[in-house]
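Notes for the structure review
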Amino acid sequence: MRIGKTMLALGGTALVAAIGCATVASAQDQKTPKSWSYEIKDGKRVPKGNRVTNADGSWREEVRQGNCVTVKEKSASGEYKETRQCNPQ
């Protein structure tokens, strides 16, 4: 009888641990809300950019970090360009 109770307790503990791991894994896949100005990547806050996509497949994205602005552009033909400009205040 004693071994049965021990096995039942160990089985219950293993079940709770498995459910906890599944919950943590699903929480890491969630997207940040649209109203936030950053995303979580690898546990770090990364500023979210303002991306505008055109009908031809080209896009332009601006990301602001302090006094610096990074502009990422991709044309419809696949050319990628990234520029960074910092203005002291």
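Since this is a predicted model, take the numbers as computed values, not measurements.

**Topic: the environment of Glu62**
Along the chain, Glu62 turns up in strand β4 (residues 59-65). Among the residues examined, Glu62 registers a relative accessible area of 26% and is labelled partly exposed. Expressed as a C-alpha distance, the spacing of Glu62 and Lys48, which sit 14 residues apart in the sequence, is 8.8 Å. Setting aside its immediate chain neighbours within four residues, Glu62 contacts Gly49, Asn50, Thr70 and Val71.

**Considerations on the pairing of strand β5 (residues 68-74)**
Inspection of the sheet shows β4 paired to β5 by 7 bridges, in the antiparallel sense. Bridge pairing links Val63 to Thr70 in β5. The turn joining β4 and β5, which pair antiparallel and follow one another in sequence, is formed by 2 residues; a positive phi near 65 degrees is taken by Gly66. Between β5 and the antiparallel strand that follows it, strand β6 (residues 80-86), lie 5 residues; Gly78 among them carries a positive phi value of about 100 degrees.

Basis of the calculations
Residues numbered from 1 in each chain as written. Predicted model: local features only at pLDDT ≥ 70, side-chain atom pairs only at ≥ 80, totals over all residues. Heavy atoms only, no water. Helix = DSSP H or I, 4+ residues; strand = E, 2+ residues; numbered from the N terminus. Buried < 20%, exposed > 50% of the residue type's maximum accessible area, 1.4 Å probe, protein only. Contact = heavy atoms within 4.5 Å. Pairing = 2+ DSSP bridges.

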